[in-house]
Amino acid sequence: MTKSRIVLAALVIAVLMALAVPSAAPARLIEVGTLTSETELPAPSCPTRPCFAVSRTTGYQAKVGTNRGLMKVPEDGRIVAWTIRLSRPGRSQITFFNRRLGGEASAGLSLLKPGRRLFGRVTAQSPIVQLQPFFGQTVQFPLEQSLPAKKGQLIALTVPTWAPAMATNLGGDTSWRASRPAGECDDTETQTAQAEVKDLAQYRCLYQRVRLTYTATLITEPKPNRTPRERDD
């Protein structure tokens, strides 16, 4: 067992103990962002040419097939870890992205409260982590401080620089949204990532045939047993 998974296991146990109450149903562990038919996330682009990467934005998967709620929190709970599948860009590709997009590859997780007209407000965020040491891996990052998650919120990937975590050339029924204003969807170098809690952005840009290769680990809140009604004498 890797060090990160040992840490995650300990964290999961600690959170479950904190959530446990007498006469309560157990919490559930859900990997948000995976399909039941999948054994792993699709392979992201790079080092193929062209090499694509998520750049300077916050984004979430809008649709995969008939599933329009892939990144929606299904139940109240806490996010205790997140996972990202990274490609392995070549040396020249890494240099190109570093120069054009503000530095070395990095990313973190954001929880969004969706609003009308595709607005999303950040309610919680994980720390930003450096990704280059993990290129070519599917890596899971346990969170030292779990994130509160409410049913219906969106789990997004925040990328202040760039991240090689984009699977391309998929079906036309696959798409993701970015926190970029209408008319600026082709501008992938301007900074639009939501960097702080309470930040508000409109997710007007939809990119088709692409999937962001990340998921989040949710521990749901346990539900107490219903109190039986007392019988009348």
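Structure: see above.
Below: a short report on this structure. Throughout this document, residue positions are counted from 1 along each chain, in the order its sequence is written. For this predicted model, a pLDDT threshold of at least 70 governs which residues receive local features, and a threshold of 80 or more governs which side-chain atom pairs are given and counted, while totals over whole chains, interfaces and linings are taken from all residues. In computing side-chain values, all of the structure's heavy atoms are included and hydrogens and water are not.

**Quick notes on the pairing of strand β12 (residues 205-208)**
Successive side chains on a regular strand alternate, one facing one side of the sheet and the next facing the other.
Then, in step 1: Working definition: with a 1.4 Å probe on protein chains only, accessible area under 20% of the residue-type maximum means buried, over 50% means exposed, and in between means partly exposed. The way it works is that DSSP assigns letters per residue, a run of H or I at least four long becomes a helix, a run of E at least two long becomes a strand, and they are numbered from the N terminus. With burial as the criterion, only one face of β12 is covered, namely that bearing Cys205 and Tyr207; the residues Leu206 and Gln208 on the opposite face remain uncovered.
Then, in step 2: A strand pair is defined by DSSP finding two or more bridges across the two strands. Pairing of strand β10 (residues 174-178) with β12 involves four bridges; the strand directions are antiparallel. Bridging across to β12, alanine 178 finds its partner in cysteine 205.

**Topic: the state of the cysteines**
Then, in step 1: For this text, the term disulfide refers to a pair of cysteine sulfurs within 2.5 Å. Scanning all chains against the criterion turns up two disulfides.
Then, in step 2: Here cysteine 46 pairs with cysteine 51 through a disulfide, and the sulfurs are 1.7 Å apart. Its S-S torsion of approximately 85 degrees makes the covalent link between cysteine 46 and cysteine 51 right-handed. The exposure classification of cysteine 46 matches that of cysteine 51, with both residues buried.
Then, in step 3: Linked covalently through their sulfurs, cysteine 185 and cysteine 205 form a disulfide whose S-S length is 2.1 Å. In this structure the cystine formed by cysteine 185 and cysteine 205 twists about its S-S bond by roughly -90 degrees; its chirality is therefore left-handed. Taken together, the residues span a long stretch of sequence, with cysteine 185 in the loop between β10 and β11 (200-202) and cysteine 205 in strand β12 at a distance of 20 residues.
Then, in step 4: According to the relative accessible area criterion, cysteine 185 is partly exposed, its value standing at 22%.
Then, in step 5: What links to what in the protein: the bonded cysteines, counted in sequence order, pair as 1-2, 3-4.

**Topic: the packing of aromatic side chains**
Then, in step 1: Two aromatic rings, drawn from Phe, Tyr or Trp (for Trp, its six-membered ring), form a pair once their centres lie within 6.5 Å of each other, and the interplanar angle then sorts them: stacked below 30 degrees, edge-to-face above 60, tilted otherwise. Inspection of every chain in the model, using the stated rule, returns seven aromatic pairs.
Then, in step 2: The interplanar angle of 50 degrees and the centroid separation of 5.3 Å between the aromatic rings of tyrosine 60 and tyrosine 203 together place this pair among those described as tilted. With tyrosine 60 in strand β2 (residues 54-64) and tyrosine 203 in the loop between β11 and β12, this pair connects stretches of sequence that are 143 residues apart.
Then, in step 3: For tyrosine 203, a relative accessible area of 1% translates into the label buried.
Then, in step 4: Arranged with centres 5.4 Å apart and planes meeting at 85 degrees, the rings of phenylalanine 134 and phenylalanine 141 form a pair that is edge-to-face.
Then, in step 5: Each residue in the set Phe96, Phe97, Phe135 and Trp162 is aromatic and connected to the rest through ring pairs, giving one cluster.

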